Amino acid sequence: MNPPGSFGRFGGRFVAETLMPAVEQLSAAWADAWADVGYHAAVDELLTHWVGRPSPLSAAPRLAAASGGGRVWLKREDLNHTGSHKINNCIGQVLLAVRMGKRRIIAETGAGQHGVATATVCAKLGLPCVVYMGAVDVERQRLNVLRMRLLGAEVVPVTTGSATLKDAINEALRDWVANVEDTHYVIGSVMGPDPYPTMVRELQRVIGREARAQMLDRAGKLPDVVVACVGGGSNAIGVFTDFIADPTVALVGVEAAGEGLHGRHAATMARGEEGIYHGMRSLVLQDDDGQLLEAHSISAGLDYPGIGPEHAYLRETGRARYLSVTDHEALAGLKLLARTEGILPALESAHAIAALGQVFAEWGDVDVLVNVSGRGDKDVHTLAAHAEGGR
Amino acid sequence: MTSRIAAAFEGARREGRAALIAYLTAYDGGPAASLACLRAAATAGADIIELGVPFSDPTADGPAIQAAMVRARAAGATLPRVLQLCEELRRTSDIPIVLFGYANPIVRRGVDVAMRAAAAAGVDGVLVVDLPVESADLVRGPARAAGLDWIGLVAPTSTAARSAAIVAGASGFVYAITQRGVTGGTLGAGDDVADHLAAIRRRSALPVAAGFGIRTPQDVRRLVSHADGIVVGSALVEASQAGPGALAALVMALRAATF
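This text gives an overview of the structure that appears in the document. A quick note: this is a predicted structure, and the numbers were derived from the prediction, not measured.

What about empty space enclosed by the protein?
All names here are of chain A. For the coordinates displayed, the defined rule picks out 6 cavities of 30 Å³ or more. Quantified by volume, the largest cavity comes out at close to 340 Å³. Around the largest cavity, the lining is made up of 31 residues, and of these His 85, Lys 86, Ser 234, Gly 301 and Glu 348 lie nearest the centre. Counting residues per element, the ones that place at least two in the lining of the largest cavity are strand 5 (104-109), helix 5 (113-125), helix 8 (165-178), helix 11 (234-240) and helix 15 (347-354). Grouping the amino acids of the lining of the largest cavity by side-chain chemistry returns 9 nonpolar, 18 polar and 4 charged.

Shown next as structure tokens:
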């Protein structure tokens, strides 16, 4: 028998007993909210009139030509309020927290996009917000740290471990254990203990629901391939889910190969093995002793040694494929999209762009839907450093 | 046959005191320093050793034990080496040893293999912080099959139904967490802790040990009439940094407060 919230043998609830009642309460509150038209109306109201949904679908002919043919359609999550898909999830979770009577919000963030989105929703709804962020990420995503502070959030730099996303999650979990009765932890991806992977998927599913209708309307057909970057995996699950039942649509996740698969990377699908980590059973980068390895990616949002359990399941069942792209290729992908289509994507999203060459080489003259999960303003410091370094 | 754990609680009870359970992170300072500290704790009067298995991401632990795990891993700690340490401690001491850790290093090694190796190394019980009662069978079955006790962990937030299930699935003793939060905090004021412990004791035929936030002999005295055992962790880990002598002094002071 699989425990609740399982995707095949992945998923589950592997947290300290102190958190289990909160996880059970969250699960029940989520089921109750999701069945309530009032909750959906509140979520939709903010998504439509505050975030600006639906996000556009942009044809990208010059990018397609430069990537080896076919047609490319860009789902423009970069145009959302706060600059990424993360806000879709935050609105749902913070509204849920209010419904549950929680008076304080905490979150982890890697690239800062989830932190900014959480801080933004908390400002809108009048809740105090604490964001844990690895000290390395605080440095490379300075702009987002400033934005979070301007929005009234407290940003806590985390110096333990690799001082990146996984350590920020560790610290957020410690905060939650200590303050579980009045605090809701807004996890930013389709990871962690049940119900998070399912809840975040349902809240991000709007991406694929819109894109599917937009493709039918604009292209007169479904895409042949859907491509998205994966760190924890929320934007990918968001765009994949409404296509899972369409057998003609191939689903491709793109993870960060960092310096290359033989060097430092964050390619959990390519190099990870089954483990229990951050509340879930999934694939993780680990050594023979079950110790987590430090991931590496130029993009803070993909710099994570685990992956959401549903992705592990989609890979195992063969429904989705996973490719990887190096730091260097991602930088090239970013420049390519900027110069062919006038869109500066986040470094995370640039991984999906950079995979287009591989996709067209394999699938040929097809229609590819790419989720541009966020915009690149936050990455200018990193980009400047690499330009100065002659890359 | 009475287990070493049961005998330790029974021995303390006959002396009219609570058992003192000393937590140390295995391999902290390297194998030699760690073994010296474990022996010092046993000699100074600890009744049970709780041996922390180092993990890269100890989300239930506070700063003192996190730092100890970083030192231990830097010194080369792995699960097999921790078990080697148990074996060496077992050569000179009959003190019960409970492994205290996270699921992944055990699962990675293969649960059956890990539990048999632990039993062979002289370990008496296992406690896995991130395996709640719903998922406990993953390790509990193999642990029991290897002759090890499965220590149940009850939190201050556990509902009555959850506490009952945890106690029912436990053997050896029940570990009652005395504060919300990670290890290494301080005890809150008020009667909450006493009520929490009383509720678990009513439910449990097993000894109940209180832990989390207990640092000083004063803390021990406050809880001693409410629990069958008292766990001290972070404070001992910190004391052990000054060497086995300083550690032994704190163990003696804590032990004196268990009457």
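Still more ground to cover, so stick around.
Side note on the sheet that holds strand 11 (residues 273-277) of chain A
All names here are of chain A. Strand order in the open sheet formed by 4 strands is 1-2-12-11, and the pairing between neighbours is antiparallel. Looking at which strands have only one partner, the edges of the open sheet turn out to be strand 1 (6-7) and strand 11. For strand 11 and strand 12 (residues 279-284), the ladder comprises 5 bridges, and the chain directions are antiparallel. Directly across from Glu 274, in strand 12, lies its bridge partner Leu 283. In this fold helix 13 (residues 309-316) packs onto strand 1, strand 2 (10-14) and strand 12, with an angle of close to 45 degrees to the strand it touches most, strand 12.

Points about the environment of Arg 339 of chain A
If you trace the backbone, Arg 339 of chain A turns up in helix 14 (residues 327-341). In this structure the C-alpha to C-alpha distance between Arg 339 of chain A and Val 43 of chain A, which are 296 residues apart in sequence, comes to 35 Å.

Examining the sheet that holds strand 9 (residues 229-232) of chain B
Residues and elements named next belong to chain B. Strand order in this open sheet of 9 strands is 5-4-3-2-1-9-8-7-6, and the pairing throughout is parallel. Edge positions in the sheet fall to strand 5 (149-150) and strand 6 (152-154), since each has one partner strand and no second. Sheet topology places strand 7 (residues 174-177) next to strand 8 (residues 208-211); 4 bridges connect them, and they run parallel. If you follow Ile 177 over to strand 8, its bridge partner there is Gly 211. Sitting on the sheet, helix 2 (residues 31-44) touches strand 1 (19-25) and strand 2 (48-52), and the angle it makes with strand 1 is about 175 degrees.

Focus on helix 10 (residues 206-218) of chain A
Residues and elements named next belong to chain A. For helix 10, with 13 residues, the first-to-last C-alpha span of 18 Å sits near the 18 Å given by 1.5 Å per residue. What helix 10 keeps buried is the set Val 206, Ile 207, Gly 208, Glu 210, Ala 211, Gln 214 and Met 215. Each element contacted by the buried residues of helix 10 is listed here: strand 3 (57-59), strand 4 (71-76), helix 4 (86-100), helix 9 (196-204), helix 11 and strand 14 (367-372). Residue Gly 220 follows helix 10 closely and has a positive phi angle near 70 degrees.

Details of the interface of chain B and chain A
Taken together, the contact pairs 37 residues of chain B with 33 residues of chain A. Taken as a group, Asp 57, Asn 104 and Arg 108 of chain B account for 23% of the area that chain B buries against chain A, more than any other trio of residues on that side. Inspection of the chain B/chain A interface yields 7 salt bridges. Between Lys 166 of chain A and Asp 57 of chain B there is a salt bridge, with its nearest N and O atoms 2.9 Å apart. Summed over the shared surface of chain B and chain A, the result is 22 residue pairs in polar contact (both at pLDDT 80 or more). Secondary structure elements with two or more residues in the side of chain B that touches chain A: helix 3 (63-74), helix 4 (79-92), helix 5 (103-109), strand 6 and helix 8 (160-169) of chain B. The element that contributes the greatest number of residues to the side of chain B that touches chain A is helix 5 of chain B, accounting for 6 residues.

Thresholds, definitions, all that
Residues numbered from 1 in each chain as written. Chains lettered and ligands numbered in written order. Predicted model: local features only at pLDDT ≥ 70, side-chain atom pairs only at ≥ 80, totals over all residues. Heavy atoms only, no water. 1 Å grid on protein atoms, 1.4 Å probe; cavity = no way out; pocket = protein on both sides within 12 Å on 5 of 7 lines; lining within 4 Å. Points joined across faces, edges and corners; volume = space filled by probe spheres on them. Helix = DSSP H or I, 4+ residues; strand = E, 2+ residues; numbered from the N terminus. Nonpolar A, V, L, I, M, F, W, Y, C, P; charged D, E, K, R; others polar. Pairing = 2+ DSSP bridges. Contact = heavy atoms within 4.5 Å. Axes fitted to C-alpha atoms, helices over the stretch in contact; angles between N-to-C directions. Expected span 1.5 Å × (residues − 1). Buried < 20%, exposed > 50% of the residue type's maximum accessible area, 1.4 Å probe, protein only. Buried area = accessible area lost by both parts, 1.4 Å probe. Salt bridge = Lys/Arg side-chain N within 4 Å of Asp/Glu carboxyl O. Polar contact = N/O pair within 3.5 Å; in protein donor to acceptor, adjacent residues only side chain to side chain.

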